[in-house]
Amino acid sequence: FMQQPENSVVDRDRSTVVFRLLQEALTNVVRHARATKVKIHLNMKEKALLLKVRDNGRGITAAQVVDAKSIGLIGMRERVYLWRGKVKIRGVAGKGTIVLVRIPMNVNIQ
């Protein structure tokens, strides 16, 4: 279930970034989390696009979050960094993982 920000227009580049971030987050849920539920929220707040993906799986560890072999997570950070945004990933063992993404709407990239 995805919520569309009301009365908001998101440019094509940001839309693509959000799509790819969501795609990677869901791929990680399928591959690693062993989750039975995923909640997705997409909102516009304080001139920023906010994406939250939460699952009820086994929970990513702090070591996995910073692992140089976690190419998907590195890719997520790089996509968000280009927009001067932020991505936070945290997990709680046995309770799930939360991915939080904030992409400013007032930043343009070349």
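Because the structure is a prediction, the values reported are computed rather than measured.

Asker: Which parts of the structure should I look at to understand the layout of surface pockets?
Answerer: By rolling a water-sized probe across the atoms, one finds the places where empty space is left. Looking at the largest pocket, its volume works out to about 400 Å³. Lining the largest pocket are 21 residues, and of these Asn28, Val29, His32, Ile60 and Leu73 sit closest to its centre. If you list the elements that add at least two residues to the lining of the largest pocket, you get α1 (12-33), β2 (48-55), α3 (71-82) and β4 (96-104). Residue contributions to the lining of the largest pocket peak at 7 residues, all from α1. In terms of residue class, the lining of the largest pocket is made up of 9 nonpolar, 7 polar and 5 charged.

Asker: I'm lost on a positive patch on the surface in this one. Help?
Answerer: A contiguous patch of positive charge, built from Lys37, Lys39, Arg54, Lys86, Lys88, Arg90 and Arg102, is present on the exposed surface. For the positive patch, the leading source of residues is strand β3 (residues 86-92), giving 3 residues. As for its position among the elements, Lys37 is in the loop between α1 and β1 (38-45). Taking relative accessible area as the criterion, Lys37 reaches 57% and is therefore assigned exposed.

Asker: I would appreciate a short explanation of the sheet that holds β4 in the present structure.
Answerer: Think of a sheet as strands paired side by side through backbone hydrogen bonds, with each pair either parallel or antiparallel. Spatially, β1-β2-β4-β3 is the arrangement adopted by the 4 strands of the open sheet, whose pairing is antiparallel. This sheet does not close on itself; its edge strands, each paired only once, are β1 and β3. Between one strand and the next, the sheet's axes are offset by a mean angle of 10 degrees, whatever the strand orientation. Against the sheet, α1 touches β1, β2 and β4, its axis set at about 10 degrees to β2. Sheet contacts for α3: β3 and β4; angle to β3, the most-contacted strand, approximately 150 degrees.

Asker: So what exactly am I meant to see when it comes to the pattern of salt bridges here?
Answerer: Pairs may arise between side chains of opposite charge once their charged atoms sit close together. Evaluation of the coordinates by the stated rule reveals 1 salt bridge. Asp11 is paired through a salt bridge with Arg14; the nearest N and O atoms lie 2.4 Å apart. Given a relative accessible area of 28%, Asp11 falls into the partly exposed group.

Asker: Looking at this model, I keep getting lost on the pairing of β4. Mind explaining?
Answerer: Every regular strand shows the same layout, with side chains that alternate between the two sheet faces. Of all 9 residues in β4, 7 are buried, a share of seventy percent or more. Here β2 pairs with β4 via 7 bridges, running antiparallel. Note that in β4 the partner of Val53 across the bridge is Val99. Bridge analysis of β3 against β4 gives 7 bridges, and the strand direction is antiparallel. Note that in β4 the partner of Lys88 across the bridge is Leu100. Following β3, the chain reverses through 3 residues before pairing antiparallel with β4; Gly94 in that reversal takes a positive phi of roughly 75 degrees.

Parameters and conventions
Residues numbered from 1 in each chain as written. Predicted model: local features only at pLDDT ≥ 70, side-chain atom pairs only at ≥ 80, totals over all residues. Heavy atoms only, no water. 1 Å grid on protein atoms, 1.4 Å probe; cavity = no way out; pocket = protein on both sides within 12 Å on 5 of 7 lines; lining within 4 Å. Points joined across faces, edges and corners; volume = space filled by probe spheres on them. Helix = DSSP H or I, 4+ residues; strand = E, 2+ residues; numbered from the N terminus. Nonpolar A, V, L, I, M, F, W, Y, C, P; charged D, E, K, R; others polar. Patch = residues over 30% accessible without salt bridge, like charges linked within 9 Å, V, L, I, M, F, W, Y side chains within 5 Å. Areas by Shrake-Rupley, 256 points an atom, 1.4 Å probe, with all protein chains shown as cover. Salt bridge = Lys/Arg side-chain N within 4 Å of Asp/Glu carboxyl O. Lys, Arg positive; Asp, Glu negative; His and termini not counted. Charge placed at Lys NZ, Arg CZ, Asp CG, Glu CD. Buried < 20%, exposed > 50% of the residue type's maximum accessible area, 1.4 Å probe, protein only. Pairing = 2+ DSSP bridges. Axes fitted to C-alpha atoms, helices over the stretch in contact; angles between N-to-C directions. Contact = heavy atoms within 4.5 Å.

Distances and angles like these do not, on their own, reveal function.
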